[in-house]
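# Residue-level structure breakdown
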Amino acid sequence: MLDTSARLLALLSLLQSRPDWPGSELARRLDVSTRTIRNDIDRLRTLGYPVNAARGSYGHYTLGAGAKLPPLLLDDEEAVAVAIGLRAGGGVSGIRESSARALTKLEQVLPHRLRRQVTAIHEAMSTAPENLASNVEDPETDAATLTQIAAAIRDQELLRFDYQAGEDSAGPWGSTPAANELLEGWAHLVEPYRLVSWLRRWYLVGRDVPTAAWRIFRVDWTSLRAPTHRHFTPVPFLDGDYTSFVLRTVASTGWKVHARITVFAPAEEVLRRINATVGVVESIDESTCVLVTGADSFETIAVYIGMLGLDFHVTEPAALVHHLRELGRRYSRAIEEAPCRSDQV
């Protein structure tokens, strides 16, 4: 049997591992009586741990939230996993700094054997770039902004914010002029419903208050205004799938640059060759369709449409036309017969 101090630490570790524990199960895990468990719970309370007890046939103990963060008890695998995860923290501005601080605190209290494991993994590991699909750096989203939006979703409170989209997202190829006018230009008042993370970007799914239209907003393009303190009554979402809505919408309105590309093939053929998140396909006739797509650079769009393996025609935006013309010249030069080298004559 464990001594009292060791048993209290083991009991605290169990209470932290899941929401509730029947007293009988705690007693079985620690090989003591239920009376000893009650006494140990009282000792934890004396030390400042808020342990709540529910009575009755389904009675159980729950570790409540205190006024300050209590010491966390992690087993070996959990400690190593947390340390590795903290080293990989990123994608949200401020996370790298706070991750480094938390990692320093964790490593200070890790046993020597576990610290050696974490150090060995860190020294033996190299991290490759995550963004291999674009020549544009990933955006960083402010952690405080995410926190405020999440709180508004939880509290069902209206959000007011300014929105500045990418350099060409308001062009005629991005979406309809009316939709672009609603997305940019003044403060938005929105019912927030869900945050969706995709391709290292964060999106807010919300319902525009003036129009009652469902929209998505890139969080890194959002500047929150003062809290409204105005609550709303949620309404059911279209099909209940926020993630699919984001993936469908991003292709036409959620990138920095967009394009409408005429493809000389049936819409069904284009849809078979692309992921639904790449773009929206509009049928024109049996042998022609339009692909509405976007990215964070025209170079990336050129890669997308080149991978279709189908003939296409582009008239706008001018920057994309210029890039495709330059690509054509570059590819032509790549297959021209190379001049003979002097050592080959």
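Anything mentioned here points back to the structure above.
Report follows, based on the coordinates. (Residues numbered from 1 in each chain as written. Predicted model: local features only at pLDDT ≥ 70, side-chain atom pairs only at ≥ 80, totals over all residues. Heavy atoms only, no water.)

## Things to note about the pairing of strand β5 (residues 159-163)
Our working definition: Each residue gets one of three labels from its accessible area relative to the maximum for its type: buried under 20%, exposed over 50%, partly exposed in between, using a 1.4 Å probe on protein chains only. The helix count covers DSSP runs of H or I at least four residues long, the strand count covers runs of E at least two residues long, and both are numbered beginning at the N terminus. Any two strands are treated as partners once DSSP identifies two or more bridges connecting them.
The alternating pattern of β5 places L159, F161 and Y163 on a buried face and R160 and D162 on a face that is not buried. Across three bridges, β5 lies against strand β6 (residues 188-198) in antiparallel orientation. Counterpart to F161 in the pairing with β6 is H188.

## Let's talk about the packing of aromatic side chains
Just so we agree on the cut-off: Only rings of Phe, Tyr and Trp enter the pairing, Trp through its six-membered ring, and a pair is recorded when the two centres are within 6.5 Å. The plane angle decides the type: under 30 degrees is stacked, over 60 is edge-to-face, the rest tilted. Sitting over a ring, as applied to charges here, requires NZ of Lys or CZ of Arg to be within 6 Å of the ring centre and within 35 degrees of the ring normal.
The tally for this structure, following the rule as stated, stands at eight aromatic pairs. Summarising the aromatic geometry, the rings of F161 and F217 are spaced 5.1 Å apart at their centres and angled 80° between planes, so their arrangement reads as edge-to-face. Taken together, the residues span a long stretch of sequence, with F161 in strand β5 and F217 in strand β8 (residues 214-218) at a distance of 56 residues. Assigned by exposure class, F161 and F217 land together as buried. Between Y193 and W214, the ring centres sit 4.7 Å apart and the planes meet at 55°, which makes this aromatic pair tilted. Highlighted residues: Y193 in strand β6 and W214 in strand β8, separated in sequence by 21 residues. When sorted by exposure, Y193 lands in the same class as W214, which is buried. Members of the aromatic cluster, each reached through a chain of ring pairs, are Y193, W214, F232, F237, Y242 and F245. Here the guanidinium or amino end of R18 rests over the ring plane of W21, the centre of that ring lying 3.7 Å away.

## Some thoughts on the sheet that holds strand β10 (residues 257-263)
To keep it simple, the criterion reads: The contact definition used throughout considers only heavy atoms, calling two residues in contact when any of these lie within 4.5 Å. Geometry is summarised by axes, namely lines fitted to C-alpha atoms with helices restricted to the contacting stretch, and by angles between N-to-C directions that run from 0 to 180 degrees.
With antiparallel pairing, four strands are arranged side by side in an open sheet as β11-β12-β10-β13. Because the sheet does not close on itself, it has two edges, and the strands there are β11 (279-285) and β13 (312-313). Across seven bridges, β10 lies against strand β12 (residues 288-295) in antiparallel orientation. Paired with I261 across the strands is L291, a residue of β12. Taken strand by strand, helix α11 (residues 298-306) contacts β10, β12 and β13, and its axis lies near 140° from that of β12.

## Examining the packing of helix α1 (residues 4-17) against helix α2 (residues 23-30)
Formally: Oblique is the label for any angle not covered by the other classes, which are roughly parallel (under 35 degrees), roughly antiparallel (over 145) and roughly perpendicular (65 to 115). Put simply, a crossing is left-handed when the front helix is turned counterclockwise from the back one by less than a right angle, and right-handed when it is turned clockwise. Ten residue types, Ala, Val, Leu, Ile, Met, Phe, Trp, Tyr, Cys and Pro, are classed as nonpolar, four, Asp, Glu, Lys and Arg, as charged, and the remainder, Gly among them, as polar.
Their axes nearest at 11 Å, the elements α1 and α2 cross at an angle of 130°. Compared by their axis directions, α1 and α2 come out oblique. The crossing of α1 and α2 is right-handed. Where α1 approaches α2, its residues R7, A10, L11, L14 and L15 are matched on the opposing element by L26, R29 and L30. Tallied by class, the residues present in the contact of α1 with α2 amount to six nonpolar, no polar and two charged.

## Structural notes on the pattern of salt bridges
If the charged atoms of two oppositely charged side chains come close together, the side chains can form a pair. Worth spelling out the cut-off: The term salt bridge refers to a pairing of a side-chain nitrogen on Lys or Arg with a carboxyl oxygen on Asp or Glu at a separation within 4 Å.
Within this structure, the stated rule accounts for 16 salt bridges. In this structure, E25 engages R28 in a salt bridge whose closest nitrogen and oxygen atoms are separated by 3.9 Å. Here the residue E25 and the residue R28 both occupy positions in helix α2, the gap between them amounting to three residues, near one helical turn. D40 is the salt-bridge partner of R43, the closest N and O atoms lying 2.5 Å from each other. Here the residue R43 and the residue D40 both occupy positions in helix α3 (residues 34-46), the gap between them amounting to three residues, near one helical turn.

## Describing the pairing of strand β1 (residues 51-54)
Where β1 lies against strand β2 (residues 60-63), four bridges are found, and the strand directions are antiparallel. Looking across to β2, one finds that N52 is bridged to T62. Between β1 and β2, which pair antiparallel one after the other, the connecting turn spans five residues, and G56 there sits at a positive phi close to 105°.

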